[in-house]
Amino acid sequence: MRKPLIVANWKMHGTQTFVRRFIAALEEGKDALRQPEAEARVVICPPFPYLLSLVEQLGTGLGAKVLVGAQDVNAQKDGAFTGEVSASMLSDCNAHYVIVGHSERRHLCAESDLLVAQKFAAAQIAGLTPILCVGETLRQREQGLTLEVIAKQLQSVAELPGVDMTRQLVVAYEPVWAIGSGKTATPQQAQEVHHFIREQLGEAGSRIQLLYGGSVKSTNAKSLFAEIDIDGALVGGASLEAQEFLNICRLAGATCSVG
Ligand code: 13P
């Protein structure tokens, strides 16, 4: 059975003080982190410099409910790659998840489908759960290419030797036009793509958590989570405000139709 999952992507935001205050707010609102009827798992992906301190501050108390992930990883095992961070380093720092293929990296850092697939494989090899982001641009949607684009993004990962699409992975559907724009896909638009992704994943599809991302807020989360194939959210801007984030977590625990 799939459990609801809410992932905060802080992107390039935050300070040490922000992290401390966020943890204090989580501690106060921790009722939101575990619902009796449907336990929502929560993951926070901070910028690299705050990752270890976040793990340490979550400790064993909150750390049982909130796991830590990274926003990116290098595809290589180790070596002379100045400025880069390997999957085994993330694992060594007790990160459990890593986002790969975020559209900001695909577009701003020119990451190819192949590189995303290599990062995905590196994450799995190191025992991390990759959160694979897929999504179409507005132009692609208007041209009727949405499902074709998503299928290609999934296929390029699945085809890479060493990747195992039957275990330990999350897929996040993030339509590029909905990210940071205030425009959210309608629940029906999101559900259509999520259903398609589940089909593309074959037999394992019914077990894999599928998240929606793109301007998720507490005001639109409930109707998205009510869709049968939406298991939670990858939250950007709204994850920077602790109360708003906790409200989204509460809604996931109460609303996600776990299949
Ligand atoms: P926003 O929630 O700010 O639109 O960002 C979505 C996102 O890119 C999460 O990875």
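Heads up: the structure comes first, above all this text.
Here goes a summary of the coordinates provided. What you see is a predicted model; the values in this text were computed from it and never measured.

1. Here we look at the nonpolar core
If you look at soluble globular proteins, the nonpolar side chains tend to sit buried side by side. Counting 73 residues, the largest nonpolar core has I6, L90, I197, Y212 and F225 as the members making the most contacts within it. Among the elements that line this core, the one with the most residues is helix α10 (residues 242–255), at 7 residues. Leaving out residues up to four positions away in the same chain, I197 has contacts with V134, I150, L154, V171, Y173 and L210. Judged by nonpolar contacts, the second largest core, of 13 residues, contains V7, V43, Y97 and I131.

2. Structural notes on unusual backbone geometry
The phi dihedral of N94 falls on the positive side, at around 70°, and the residue is not glycine. Counting through the fold element by element, N94 comes out in the loop between α3 (87–92) and β4 (97–100).

3. A look at the side chain of D113
Note on placement: D113 falls in helix α5 (residues 113–125). Within the local environment of D113, its side chain forms a polar contact with the side chain of K152, the two groups lying 3.0 Å apart.

Conventions used here
- Residues numbered from 1 in each chain as written.
- Predicted model: local features only at pLDDT ≥ 70, side-chain atom pairs only at ≥ 80, totals over all residues.
- Heavy atoms only, no water.
- Core = buried A, V, L, I, M, F, W, Y, C linked by side-chain atoms within 4.5 Å.
- Buried < 20%, exposed > 50% of the residue type's maximum accessible area, 1.4 Å probe, protein only.
- Helix = DSSP H or I, 4+ residues; strand = E, 2+ residues; numbered from the N terminus.
- Contact = heavy atoms within 4.5 Å.
- Polar contact = N/O pair within 3.5 Å; in protein donor to acceptor, adjacent residues only side chain to side chain.

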